[in-house]
Amino acid sequence: MTPITAPARPAPPTLPHWEQTPGDLAAAIREIKHALRARIESSGRTVDEVFAVISERVRVKVTEIAEAKERGETVWPVIEYADIEKGSVTPEELTKLRSRGCLVVRGHFPREQALAWDQDIVEYVEGNQFFENYRGPGDDFFGSVGSKPEIYPIYWSPAQMQARQSDRMARVQSFLNAQWISESGGVKWFDPDRDSLYPDRIRRRPEGADSAGLGTHLDPGTLDLWMTTAYQNAFRHLFDGTVEEYDPWDASFRTSGPQYPGSTMCSAFRTFQGWTALSDMDHDQGVLHTVPIPEAMGYLMLRPLLDDVADDDMCGVTVNQVFPANEEWHPLLIQALSGIPDVKAGDSVWWHADMIHSVDPVVDQKGWGNVMYTPAAPWCPRNETYSASVLQAFQTGSSPSDFPEEHYERSWTNRFHEADLNDTGRRGLGIG
Ligand SMILES: [Fe+2]
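Because the structure is a prediction, the values reported are computed rather than measured.

What counts, and at which threshold
- In this convention, every chain numbers its residues from 1, walking through the sequence in written order.
- For a predicted model such as this one, the threshold for reporting local features is a pLDDT of at least 70, and the threshold for listing and counting side-chain atom pairs is 80 or more; totals across whole chains, interfaces and linings nevertheless cover every residue.
- Excluded from the side-chain calculations are hydrogens and water; all other atoms, namely the structure's heavy atoms, are used.
- Put simply, DSSP H or I for four residues or longer makes a helix, DSSP E for two residues or longer makes a strand, and each gets a number counted from the N terminus.
- Residues count as neighbours in contact if any of their non-hydrogen atoms are within 4.5 Å of one another.
- Distances define the donors: N, O and S atoms within 2.8 Å of the metal qualify, as do those within 3.2 Å of Na, K or Ca. Water is excluded, so some sites may look unfinished.
- For four-coordinate sites, all angles between 85 and 135 degrees define a tetrahedron; for four- and six-coordinate sites, opposite donors beyond 155 degrees with the remaining angles between 65 and 115 define square planar and octahedral shapes respectively, and all other cases count as irregular.
- Residue burial is assigned from relative accessible area. The probe radius is 1.4 Å, only protein chains are included, and a residue is buried under 20% of its type maximum, exposed over 50%, and partly exposed in between.
- Excluding any residue in a salt bridge, patches collect residues exceeding 30% relative accessible area, merging like charges within 9 Å and nonpolar Val, Leu, Ile, Met, Phe, Trp and Tyr side chains within 5 Å.
- All accessibility values rest on the Shrake-Rupley procedure with a 1.4 Å probe; residue burial counts only the protein chains present in the view.
- Only one rule defines a salt bridge in this text: a Lys or Arg side-chain nitrogen within 4 Å of an Asp or Glu carboxyl oxygen.
- In this tally, Asp and Glu contribute negative charge and Lys and Arg positive charge; neither His nor the terminal groups of the chain are included.
- Think of each charge as sitting on NZ of Lys, CZ of Arg, CG of Asp or CD of Glu.
- Throughout this description, the term nonpolar core refers to a set of buried Ala, Val, Leu, Ile, Met, Phe, Trp, Tyr and Cys residues connected via side-chain atoms within 4.5 Å.

Visitor: Just to check I follow, could you spell out the environment of G213 for this structure?
Guide: Among the structural elements, G213 can be located in the loop between β9 (202–205) and β10 (214–218). Sequence separation of G213 and R410 is 197 residues, and the distance between their C-alpha atoms is 30 Å. Excluding anything up to four places from it in sequence, G213 contacts V359, D360 and P361.

So, in structure tokens, the structure goes:
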């Protein structure tokens, strides 16, 4: 008698892919949605079933967060810098960090140091007549407040570079990178102990400011997240019927792929986005919020495949605009939006690179709202490629290529110079 075996399941259909922005976006969206649905269904599960699994995972967290708020607890994990330095962060703190995907590092820098950096930045921009020469926002994503900008397109001040190449920054970046899986299947996807020094801007929002804030969105990419081979591999478990295995901390395939160009793009792979506070800020003064659920990315990626979304629509995601998260398509997620607690100058704030975030509006802001953006962008093929253009921008005082071509600092002779780099700075720029 022949043993009964289950019929072999045919190999799942391969996915079409576009390594550059497709010429016909609507056609490409229709094609990829059809292919993703077919691929999921070839596993024997329906798209609805797969989405229900990720929804449930998210719903459990949404409930947990609502209950924490009810109890008056701080939703955001808070860890003392001193504990990161000593290696004495507790397992409970680590569990909360991995669960929520965001973090406040208390006392990352001494408060006096942060306030001195803030003052140095003021002197740096004023001494170089930045405000007299300011030509208005170089992109339409961050508005300006009154005649002075809120976001300063300044990248190479001594203050920013001192923070970027400091031991304290390197230690926190390594700690955060270590929350990710950086090695799997014999591949080292990134080096958790080397940062690529991703230059970003400064925000200085003055006392009394009114600001419209920023709506809920995410930054890792747009249509490329569904359409390039690298991301299709990175999100493989969402699309092949093994959704239970989707791990938002797995860096596999994320560190070498291309990204579609756009005015708000980030060429680098970041484990966490972050900023360091250069002023004290209260939690109700127009601060950062996140949906502190790393798994929400799985929800965002699968939601457009449901039947109630038009065939040529990815729930509003398109190239050259930030990836929106909203009440229309993601009401479950938006419920969990949680703001940072009060922070002091010298604290730093971090959120998983895929995380939904927003900035609250504020009217007549109390105190300043000053931050220096510094992410954790560990060394990997993608960041190594970008670092070549960063080095050139650094040497010439130019705006880095991910940002509008404003180049204010080219003629500013007191910007940070190559001779001032330490080992961390050199390694970050690929010259050490
Ligand atoms: Fe953002």
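Back to the text.
Visitor: How should I be thinking about the coordination of the iron ion in this particular structure?
Guide: Every protein donor of the iron ion is accounted for by H217 (NE2), D219 (OD), D219 (OD) and H357 (NE2), and the metal-donor separations fall at 2.2 to 2.6 Å. Considering all four donor atoms around the iron ion, angles at the metal cover 52 to 131° and the coordination shape is irregular. Linear spacing of the donor residues for the iron ion on their chain is H-x1-D-x137-H. With D219 in the loop between β10 and α9 (224–227) and H357 in strand β16 (residues 357–359), the pair connects residues that are 138 residues apart, well separated along the chain. Pair check on accessibility: D219 and H357 agree, each one buried.

Visitor: Any chance you could explain unusual backbone geometry here in plain terms?
Guide: Residues apart from glycine generally show negative phi values, whereas peptide bonds are mostly found in trans. The phi dihedral of C315 is positive, around 55°, even though this residue is not glycine. The residue C315 is located in the loop between α12 (296–302) and β13 (323–324) in this model. Of the residues examined, C315 reaches a relative accessible area of 2% and is grouped as buried. We note that D364 has phi near 50°; this positive angle belongs to a residue other than glycine. Within the element layout of this structure, D364 appears in the loop between β16 and β17 (369–373).

Visitor: Got a minute to help me understand the environment of D282 in this structure?
Guide: Considering the arrangement of structural elements, one finds D282 in the loop between β11 (272–277) and β12 (288–290). Residue D282 is classed as partly exposed on the basis of its relative accessible area of 42%. Spatially, the C-alpha atom of D282 lies 35 Å from that of A393, the residues being 111 residues apart in sequence. Excluding residues that lie within four positions of it along the chain, D282 makes contacts with V287 and D342.

Visitor: Which parts of the structure should I look at to understand a negative patch on the surface?
Guide: On the surface, E41, D48, E49 and D307 cluster together into a patch of negative charge. Tracing the backbone through its elements, the reader meets E41 in helix α1 (residues 25–41).

Visitor: Which parts of the structure should I look at to understand the nonpolar core?
Guide: F130, I154, W156, F175, F272, W350 and F394 are the most contacted members of the largest nonpolar core, which has 56 residues in total. Those elements that provide at least two residues to this core are α3 (81–86), β2 (102–106), α5 (111–127), α7 (158–164), α8 (167–177) and α14 (381–396). Residues contacting F272, with those up to four places away along its chain left out, are L97, G101, L176, W180, W249, W350, W351, H352, A353, P375 and A376. One finds L15, I29, F323 and I334 within the second-largest nonpolar core, a separate group that totals 49 residues.

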